[in-house]
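# Understanding the architecture of this molecule
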Amino acid sequence: MPTGTGRSRSMRTPDSILEAQYAQSETPSERVQRRRHMRSPAPSADTRRRPPSASGPQLPEEEDGDCMIMEVRPGLKLENAGVLQVGPQSFQASFNGAANRALRDIGQKSKDIIDALGELQARGIQHVASLPELVLVGDQSSGKSSLMSAIAGLSLPRSSGTCTRCPIHIRVSRADEWSCRVFLKQDYEYCPPTHQLTERNVTNANKFPPWVKLDPSRQVRREFKTVRDQFDSEETETVLRCAQAAILNPGTHYSFFIPKLKGEAPESTRQQLLEQIKKKEETADAQFSPNTVALEVKGPELADLNFYDLPGVFMNARRAEDSFLEKVVQNLTREYISRPSAIILCAVPMNQDPENSLALKMIRALRAETRCLGIMTKADLLPKDDHAASNWIAMLNGRAHKTGFGYFITSRQGSDLEEQNKMEEAFFNRTADETGQWPDAFDEFKEKCGVDKLKAYLSMKLSEEFSKILPEVKEKVNTRLLDLDQQLQNYPDPPPNPELEVMKSLAEFTIRVKDRVMSQDFMSMWDGHIGDTFKKHIVNQKPRFNVKDNAKPSKPSVIIDLDGDSPTNSPTVRKRSAPGMDAPQSTSKRQRGQQANGVVKTETPDRPVFPSTPQHVRGVTPAGTPTRGPRPSKSLMDVRNLIRRAAIPGQPGLVSASVYEPLYTESAKTWAPHLEKFIKDTFQFLQAEIMRILDASFAHLKNRAVYKESLEHMRVFVEAHKAELRAQLQLIYSLESKRLFTKDEEALKRNQAAERSILVRHRNHFRIAAHNGEELCTVPKVEDMTDEERKQEETKMARELKNLGPDPFEPELNVAAYIRGYYLTAANRFVDYVSIHVMSGLLPRVASVIETYLHEKLGLTGLVTTQEVLQRLMSEGPEIEQKRRDLRAEKETLDGAMDIIVNLERREAAAAAAAAASASQYTNGFDASQADSMVSLEAGHPNGVGGDRGTVYSATAYGDA
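Residues numbered from 1 in each chain as written. Predicted model: local features only at pLDDT ≥ 70, side-chain atom pairs only at ≥ 80, totals over all residues. Heavy atoms only, no water.

As recorded in an unreviewed UniProt entry, the protein goes by Dynamin family protein and comes from Parathielavia hyrcaniae.

In structure tokens:
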């Protein structure tokens, strides 16, 4: 019995039976495909499989013969000298047809998945969803180029330095005809350095100098050239060299590097162009680029794979000035290894010590061993000493340099692909001594030897990984599409009738502004937030007077503020300590004395506690209110001195009118910052409302010049009205702060009486406390007292005042009461004038001029709007146009990606339905009595090698559809 793999036995069934089985289970096109010569996955000297002969049944062949093989159960018995009895022929044909279809469906599913994955990667959706990908890494001279050529099924540049200067993305898939399309993928922009680059320029923020990452919307993929001659390796290599030269010379348009293939131009022209490209290649703008040369290779009998080949990492650059490239290339390798969905292929040459592999060290440092598949290259160069194989066998058994997916072994000798394939097969089968002797110690790993087995395994593994994450990728793409739709709503297309849209928006804006600023709701909001606050601030600046005699306001920090609401600011009463009990730090003893009338007692200023008059309106000044420190206060002695200086000789008892004015104007001048804040807050409030209405009215034109111009015009509009109102209010402020004047005598008398009552009450509390030897600490607020408490206070005060006599500061108290009364009269008048200028002046004026203001400023006042005006108003800035193009380009990319995913899901669903129907047909035709003699089609080893020697294999090659 012949051996199919060197480890399992095989046999042939009669040709007539096989032809009958095929006739029932395959289409005519499948029959043609089956009868083509196909490469055998088993390594042997003759690797061509031929269709069964029509000459009739054949007997079992010798060991070196070809065979059609299928897996059978171990207990299978052979009878009748070469005719395999496996049950009723009708059932046998039905079973084999279903089995063949199942195998074809598995292969087709894998192809569909890999094709979909490749198309998604080519569309560049990695910024949305991480896709599984094969990443080929290794040190320089590790055999990566030969390995990549074998996996891709085409001859790639292998000259020194030609395949190590930019990443190469290769997508391999099956098709009826062979082709190789080359693309240039630009993800980075070249920024010419202004100085010699060194290792210091390579940082975490700038990993690939002089290249800078582009925004995903600016990344492009350009088709470069297509090669259709599979057997002209020189032509393929030329195109790839030119593509790399284009990548490395971003300063020259890529079309300059597109070569003329044979037959496209005279040979002399071709060679001249290639010479020019070669010169550019030798004097390239950059020695390295993170941009990608992408290949789409299609053809019959190709595995379905998608992978990246990276420049080999190295420790020492050839030139000292290029030493920065060591870190740049290592950074690139780390970036690809770090991708969570990457399956890493690490090339480790068997003629070198794996302990020295920089690529393996980087993989381990990034903790990516579980996603790594090691590939032992250059097996034919394995040293011939007795212990050379031990390290590599330890790696294959997982005892050293362990990786998540184990290791495969390759040997690529020869000048072209066909020769390399034959020599590799002969080398591992030990049928070609001139290629080197493959040690017997590796026999147990024979299923790991050869590029064909490697490609089959990679295709299966990539398909598995993508199938796992397909729902997640679909969800992320769909989420991003929804986000793009939302963003594109902010960048709508131009309206079909621009003039109508502009006029409608303007009309809506003016009507809504007029209605809003004149509405009761708007005015009430303004008054509550700004008007009332302004009034509180102005009234709060009422003049303050210290009602204690001999008070010296030189220490304001100890003045008791009767105007405040805080309990700590209100005076209280406590007993004085004896004169000898003063604080130790006092330099003089407290003295108690009487004035000439023997009533009011005085205190030395070493422990001043100076109560001041309360305000009529109590309130805490809000944060942010303009202030210039504590409000100034005047003592009664200050007032007395003013009266004396202004007194006319010979007119005792009269208080000059000139005493009142400076006391009032000092407080009135504090209005200026509060007035400015009032103006600022008013126009912030008004502008916010106008801009809100403008945004709503021009919502569909926000990206057009008409909206931007309207915004600017309305800002100017608001500023102009602000300046006008400020001039009006400044005039009112100037008049109020210059002198005393009022015709409202009734209001003045009412305010003066109220303020005098407050001053006298606090003054009397102080006098009584001083007479009784007590310190004044707290005076309860009248409004907080009950009627009974007020009566008790009046009774007590009347009784105590009988012993004190007249107040010697009565004239000063009258002056203070008049000043505070007049201040309140003037302040209320000022607040009214300021507010009415807004309510009855500003707002109606805005409502009246807004209707025509924007029309005039935008140039829309004519009977007919000119085309130039409309074109200006509807224009967009270059940033907006670019943003819309970018969003649409990304949406188009992701729409295509979603189509790919949906189509893949449909094909999988259809395949599952077909498989279910086939299984149902098989079950309905099953005869249980034939179960013992029935052929079983069982899954083999993941790498295409079965278990015991009694197992034989089907004619469908592993990984084929």
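### Thoughts on the overall build of the protein
What the protein contains, in helices and strands, is 22 helices and 21 strands. Buried positions account for 48% of the 961 residues belonging to the protein. Looking at the protein alone, contacts between residues at least 24 apart form 81% of all its contacts between residues at least 6 apart. Per element, the accessible surface of the protein, about 47500 Å² overall, is 51% carbon and sulfur. (Helix = DSSP H or I, 4+ residues; strand = E, 2+ residues; numbered from the N terminus. Buried < 20%, exposed > 50% of the residue type's maximum accessible area, 1.4 Å probe, protein only. Contact = heavy atoms within 4.5 Å. Areas by Shrake-Rupley, 256 points an atom, 1.4 Å probe, with all protein chains shown as cover.)

### Overview of the pattern of salt bridges
Pairing between side chains becomes possible if they bear opposite charge and their charged atoms approach one another. If you walk through the whole model with that rule in mind, you get 49 salt bridges. Between E264 and K225 there is a salt bridge, and its shortest N-O distance comes to 2.8 Å. With a gap of 39 residues between them, E264 in the loop between α5 (233–248) and α6 (267–282) and K225 in strand β8 (residues 220–227) connect regions that are remote in the sequence. In this structure E264 comes out as partly exposed when scored by relative accessible area, which is 43%. R241 is the salt-bridge partner of E281, the closest N and O atoms lying 3.7 Å from each other. (Salt bridge = Lys/Arg side-chain N within 4 Å of Asp/Glu carboxyl O.)

### A few points about the packing of aromatic side chains
Counted by the stated rule, this structure contains 20 aromatic pairs. Seen in terms of ring centroids, F427 and F428 are 5.3 Å apart; in terms of plane orientation they differ by 65 degrees. Their pairing is edge-to-face. With relative accessibility at 1%, the residue F427 sits in the buried group. With a centroid separation of 4.3 Å and an interplanar angle of 25 degrees, the aromatic rings of W438 and F442 are classed as stacked. The residues W438 and F442 share a single accessibility class, namely buried. Clustering of aromatic rings is evident, with ring pairs tying together W526, F534, Y664, W671, F678, Y733, Y822, Y823 and F830. Positioned above the aromatic ring of Y457, the side-chain terminus of K448 is 6.0 Å from the ring centre. In this arrangement the basic side chain of R640 is found over the ring face of F809, its NZ or CZ atom lying 4.0 Å from the centre. (Phe/Tyr/Trp six-rings, centres within 6.5 Å; stacked < 30°, edge-to-face > 60°. Lys NZ or Arg CZ within 6 Å of the ring centre and 35° of its normal.)

### A look at the packing of helix α7 (residues 324–337) against helix α8 (residues 358–365)
Two elements in contact, α7 and α8, have axes whose closest approach is 10 Å; the angle formed by their N-to-C orientations is 50 degrees. With respect to their mutual orientation, α7 and α8 come out oblique. Between α7 and α8 lies a crossing of right-handed hand. Residue-level contacts link Q330, T333, R334 and I337 of α7 to L358, M362 and I363 of α8. Classifying every residue of the contact of α7 with α8 gives four nonpolar, two polar and one charged. (Axes fitted to C-alpha atoms, helices over the stretch in contact; angles between N-to-C directions. Parallel < 35°, antiparallel > 145°, perpendicular 65-115°, else oblique. Left-handed = near helix turned anticlockwise from the far one by under 90°. Nonpolar A, V, L, I, M, F, W, Y, C, P; charged D, E, K, R; others polar.)

### Quick word on the pairing of strand β4 (residues 168–174)
Most of β4 is tucked away, with seven of its seven residues classed as buried. The side-chain alternation of β4 yields two buried faces, one formed by I168, I170, V172 and R174 and the other by H169, R171 and S173. Here β4 pairs with strand β9 (residues 292–299) via seven bridges, running parallel. What sits directly across from H169, in β9, is A294. By the bridge criterion, five bridges tie β4 to strand β10 (residues 305–309) in an arrangement that is antiparallel. For H169, the partnering residue across the bridge sits in β10 and is Y308. (Pairing = 2+ DSSP bridges.)

### What to know about helix α9 (residues 388–396)
Counting buried positions along α9 gives seven out of nine residues, so the element sits mostly inside the fold. Inspection of α9 places A388, A389, W392, I393, A394, M395 and L396 among the buried residues, and these make up the whole buried set. Among the structural elements, β11 (342–349), β12 (372–377) and β13 (407–409) are those in contact with the buried residues of α9. Phi turns positive one or two residues past the end of α9, at G398, with a value near 80 degrees.

### Points about the sheet that holds β11
The sheet built from nine strands is open, its strands ordered β8-β5-β9-β4-β10-β3-β11-β12-β13 with mixed pairing. Both outer strands of the open sheet, β8 and β13, are each paired with one neighbouring strand and no more. In this sheet, adjacent strand axes meet at a mean angle of 25 degrees when their direction is disregarded. Sheet topology note: the β11/β12 ladder contains six bridges and is parallel.

### Concerning the pairing of β11
The side chains of a regular strand alternate, residue by residue, between the two faces of the sheet. Most of β11 sits inside the fold, with eight of its eight residues counted as buried. On β11, burial covers both faces: A342, I344, C346 and V348 on one face and I343, L345, A347 and P349 on the other are all buried. Sheet topology note: the strand β3 (residues 133–138)/β11 ladder contains six bridges and is parallel. Looking at β11, one finds that E133 is bridged to A342.

### A closer look at the confidence of the model for the protein
Of the residues in the protein, 74% reach a pLDDT of 70 or more, and the chain-wide mean stands at 78. Low pLDDT (under 50) marks residues 931–961, which in the prediction has 83 contacts with non-local residues, meaning those over four places away or in another chain. (pLDDT = per-residue confidence, 0-100.)

### Some details on the nonpolar core
Counting residues in each nonpolar core, the largest one holds 76 residues, and the members touching the most others are F509, F678 and M714. Top contributing element to this core by residue count: helix α20 (residues 810–858), with 22 residues. Setting aside anything within four residues of it in sequence, one finds M714 in contact with F509, I690, M691, L694, I850, Y853 and L854. If you look at the next biggest cluster of nonpolar residues, it comprises 73 residues, including A116, L273, V473 and I900. (Core = buried A, V, L, I, M, F, W, Y, C linked by side-chain atoms within 4.5 Å.)

### Overview of the environment of M525
Summarising the element assignment, M525 is placed in helix α13 (residues 520–539). For M525, a relative accessible area of 30% gives the class partly exposed. Sequence-wise, M525 and F685 are 160 residues apart; in three dimensions their C-alpha atoms are separated by 9.5 Å. In this view, M525 contacts R516 and F685; residues no more than four positions away in its chain are not counted.

### Focus: the side chain of Q541
Here Q541 lies in the loop between α13 and β14 (544–546). Polar contacts involving the side chain of Q541 include one to the side chain of T670, which spans 3.4 Å. (Polar contact = N/O pair within 3.5 Å; in protein donor to acceptor, adjacent residues only side chain to side chain.)

### A few points about the packing of α5 against α6
The contact between α5 and α6 brings their axes to 9 Å, and the two run at 45 degrees. Classified by the interaxial angle, the pair formed by α5 and α6 is oblique. Considering how the two elements wind past one another, α5 and α6 form a crossing that is left-handed. On the side of α5, the interface is formed by T238, R241, C242 and A245, while α6 contributes L274, I277 and E281.

### A word on the environment of V297
Relative to the elements of secondary structure, V297 occurs in strand β9. Judged by relative accessible area, V297 falls into the buried class, the value being 0%. Residues contacting V297, with those up to four places away along its chain left out, are A152, L154, I170, R171, V172, S173, W178, S179, C180 and L302.

### Some thoughts on unusual backbone geometry
Residues other than glycine predominantly adopt negative phi, and peptide bonds predominantly adopt the trans conformation. Along the chain, P209 connects to P210 via a cis peptide bond; the corresponding omega equals 5 degrees. Looking at the element boundaries, P210 is found in the loop between β6 (188–190) and β7 (211–213). Positive phi, close to 55 degrees, is recorded for R367, a residue that is not glycine. Relative to the helices and strands, R367 resides in the loop between α8 and β12. Overall, the relative accessible area of 72% leaves R367 in the exposed class.

### Details of the environment of K461
Positionally, K461 belongs in helix α11 (residues 451–488). Those residues in contact with K461 that sit more than four places away from it in its chain are I343 and F405.

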